[in-house]
Amino acid sequence: MKNAKKSHITEEVLNDIKRILETMSFGSVTIIIQDGRVIQIEKNEKFRLK
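Residues numbered from 1 in each chain as written. Predicted model: local features only at pLDDT ≥ 70, side-chain atom pairs only at ≥ 80, totals over all residues. Heavy atoms only, no water.

**Notes on the overall build of the protein**
What counts, and what does not: A run of H or I in DSSP counts as a helix once it spans at least four residues, and a run of E counts as a strand once it spans at least two, with each numbered from the N terminus. For the exposure calls, accessible area comes from a 1.4 Å probe over protein chains only, and a residue counts as buried if that area is under 20% of its type's maximum, exposed if over 50%, partly exposed in between. The contact criterion used throughout is that any non-hydrogen atoms of two residues lie within 4.5 Å. Each accessible area value is a Shrake-Rupley result obtained with a 1.4 Å probe; residue values ignore everything except the protein chains displayed when judging cover.
The helix and strand tally for the protein stands at one helix and two strands. Along the chain direction, N to C, the helices and strands of the protein fall in the order α-β-β. Within the protein, buried positions represent 10% of all 50 residues. The long-range fraction of contacts in the protein, counting pairs at least 24 apart against all pairs at least 6 apart in sequence, stands at 22%. For the protein, the computed accessible surface area is about 4800 Å², with 50% contributed by carbon and sulfur atoms.

Right, dumping it as structure tokens:
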């Protein structure tokens, strides 16, 4: 990658992502990065109906 900056992922961000993943059964998590830093985490959860 050209001009790739080293990302600065804090323990707090990792804990937030882990907490989100542990509470989901179906869906997706999108991590938005700007200037090498996580600025937003989006959770899109799906509920399956039987």
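**As for the packing of aromatic side chains**
We apply this condition: The rule is short: rings of Phe, Tyr and Trp, with Trp giving its six-membered ring, pair when the centres are within 6.5 Å, and they are stacked under 30 degrees, edge-to-face over 60, tilted in between. Two limits define a charge over a ring: the Lys NZ or Arg CZ must be within 6 Å of the ring centre, and within 35 degrees of the ring normal.
For the structure shown, the criterion picks out zero aromatic pairs. In this arrangement the basic side chain of Arg48 is found over the ring face of Phe26, its NZ or CZ atom lying 4.4 Å from the centre.

**Describing the pattern of salt bridges**
Heads up, the condition is: Should a side-chain nitrogen of Lys or Arg be within 4 Å of a carboxyl oxygen of Asp or Glu, the pair is scored as a salt bridge.
Within this structure, the stated rule accounts for two salt bridges. Notably, a salt bridge pairs Arg19 with Asp16, separated by 3.2 Å at the nearest N-O pair. On the criterion of helical spacing, the pair formed by Arg19 and Asp16 is a turn pair, its members being three residues apart in helix H1 (residues 11-22). The partly exposed category is assigned to Arg19, whose relative accessible area is 47%.

**Some details on the environment of Gly27**
With respect to the helices and strands, the residue Gly27 is situated in strand S1 (residues 27-34). On the accessibility criterion, Gly27 (48% relative accessible area) is partly exposed. In this structure the C-alpha to C-alpha distance between Gly27 and Asn44, which are 17 residues apart in sequence, comes to 5.4 Å. In contact with Gly27, other than residues within four places in its own chain, are Asn44, Glu45 and Lys46.

**Things to note about the environment of Asp16**
Rules: Residues adjacent in sequence count toward polar contacts only when both atoms are side-chain atoms; beyond that, a polar contact is any pair of N or O atoms within 3.5 Å, and within protein one must be able to donate a hydrogen and the other to accept it.
A relative accessible area of 27% places Asp16 in the partly exposed class. Side-chain polar atoms of Asp16 contact the side chain of Arg19, separated by 3.2 Å.

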